[in-house]
Amino acid sequence: MTRTTRHPAEPFDPMDPMDPLDAEAPENSAPDDAAPAATPAVAPAARPRRSPLPRTVTVIGVLAPLGLAGWLGWQIVGGPDRGTPDAAPPPTAAAAASSTAPATTPGATPSDPTAPATTAPATTGPATADPAFPAPATPTATTLTGRTVLLDPGHNTGSFAHTAEINRKVDIGNARKECDTTGTSTNAGYTEAEYSLDVVRRTRAILAARGATVVLVHDGDRPWGPCIDERARIGNTAHADAAVSVHGDGGPASGTGFHVIMPAKVVAGKANTSAIVDPSHRLGLLLRENFQAATGEPYADYTASQGLDTRSDLGGLNLSTVPKVFIECGNMRNPVDARRMTDPQWRQQAAQGIADALTAFLTTR
């Protein structure tokens, strides 16, 4: 309710800018709980003409604070598009990760200094890997410090001129076999002995850069051989932590791919592979995985099974007392494999795969 003071009516003047109804509008209005306004003792005979602008400004001055207060209250309670804090959907992981500014509590206005601020958790990198499959550490110059690796380049480029020597039989525990063979070659004459020695030298460089002590069965410095029993003995004497014999196969021309040969359990004569079968099998699996990853070479489609073979007739495995495997890096009689194996860039990839497999074997269990 408002209190109104009326004044005598004035004749209507059509030139007066005030509406006749304005003559009866209250000069002062206040809420019911405000103090009553004082009433003049004597009404003036006539009122001067007034512009509507001051009254408009006065009304705005009164209503604007009330409107602002109402709006603030509406924001606090929650407008039609604002849910309650409990109903607000949680931020997505992507939104939380990309947010760098603190998020205000739902219902608080940005200018409210008392509203507690929350900051999205900062990301520190990729999610933690599955502990069941730990990622291999990046090799460094000290990764293999204190470890010894034996690399055995299959055959010897000079053995062709020493057939009498390499045909001599030696004891491999469960049989007697030739001391060595000449190996195979591509149709163009690139020999297995050349290939294996080149890959072994490249592998040695990678392993040495990682801190390993690398022992070679031969480095092209012998006229022939050595014999298969001596090849095993060199690794045993060096107390190698692991050994790999590198070869190229001479299979049917239609066959392609690589395979890894692991020792069977042989306990006969001077051969006893009981202690090395399991670690050699683990080394063989790592070699298959890393060699294929580095070269893209498929598993052999003419021998072995899924790139793995187990044999008991190889003296270099039967007589070894350290974990050892052979790798037949490809079929040199196949034109596709031969083209790969004569490419120096591909041979570097082959060396990388072998080195990575040995590194993984020696740094994980």
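Residues numbered from 1 in each chain as written. Predicted model: local features only at pLDDT ≥ 70, side-chain atom pairs only at ≥ 80, totals over all residues. Heavy atoms only, no water.

Trainee: So what's going on with the sheet that holds strand E3 (residues 148-153)? Which residues, and what values?
Mentor: Strand order in the open sheet formed by six strands is E6-E3-E7-E12-E8-E11, and the pairing between neighbours is mixed. Sheet topology places strand E6 (213-216) and strand E11 (308-311) at the edges, where each strand pairs with a single neighbour. The mean angle between the axes of side-by-side strands here comes to 25°, regardless of whether they run parallel or antiparallel. The pairing of E3 with strand E7 (residues 242-249) spans five bridges and is classified as parallel. Across the sheet, residue Val149 finds its bridge partner in E7, namely Ala242. Against the sheet, helix H4 (residues 192-209) engages E3, E6, E7 and strand E12 (324-331), with an angle of about 165° to E3. Across the face of the sheet, helix H9 (residues 344-363) comes into contact with E3, E7 and E12 while running at roughly 155° to E7. (Pairing = 2+ DSSP bridges. Helix = DSSP H or I, 4+ residues; strand = E, 2+ residues; numbered from the N terminus. Axes fitted to C-alpha atoms, helices over the stretch in contact; angles between N-to-C directions. Contact = heavy atoms within 4.5 Å.)

Trainee: Mind laying out the confidence of the model for the chain, listing which residues take part and the relevant values?
Mentor: With 62% of its residues at a pLDDT of at least 70, the chain reaches an overall mean of 77. Contacts for the low-pLDDT stretch residues 1-48, under 50 throughout, to residues beyond four places or in other chains number 21 contacts. For the stretch residues 71-134, pLDDT sits under 50, and the model shows 19 contacts to residues farther than four places along the chain or on other chains. (pLDDT = per-residue confidence, 0-100.)

Trainee: Got a sec to walk through the nonpolar core? Specific residues and values, please.
Mentor: The tendency in soluble globular proteins is for nonpolar side chains to be buried as a group. Within the largest apolar cluster, 38 residues are counted, with the highest numbers of intra-cluster contacts made by Tyr195, Val244 and Ile327. Taken together, the elements giving at least two residues each to this core come down to E3, H4, E6, E7, strand E8 (259-263), helix H6 (277-295), E12 and H9. With 10 residues, the single largest contributor to this core is H9. Residues within four places of Tyr195 in sequence aside, it is in contact with Tyr190, Val246, His247, Cys329, Met332, Met341, Trp346, Arg347 and Ala350. (Core = buried A, V, L, I, M, F, W, Y, C linked by side-chain atoms within 4.5 Å. Buried < 20%, exposed > 50% of the residue type's maximum accessible area, 1.4 Å probe, protein only.)

Trainee: Any details on H4? Residues and values, ideally.
Mentor: A rise of 1.5 Å per residue sets the reference length of H4, with its 18 residues, at 26 Å; its end C-alpha atoms lie 26 Å apart and thus fit the reference within 8%. Looking at H4, one finds that the buried residues are Glu192, Ala193, Tyr195, Ser196, Leu197, Val199, Val200, Thr203, Ile206 and Leu207. On its buried side, H4 packs onto E3, E6, E7, E12, helix H8 (335-341) and H9. Immediately downstream of H4, the backbone of Gly211 shows phi near 100°, a positive value. (Expected span 1.5 Å × (residues − 1).)

Trainee: Explain the environment of Ala264 to me, and be specific about the residues and the numbers.
Mentor: Relative to the helices and strands, Ala264 is located in the loop between E8 and strand E9 (267-268). Put simply, Ala264 and Ser274 are 10 residues apart on the chain and 8.6 Å apart in space, counted from C-alpha to C-alpha. Look past the residues within four positions of Ala264 in its chain and what remains in contact with it is Thr273, Val277, Thr310, Arg311 and Ser312.

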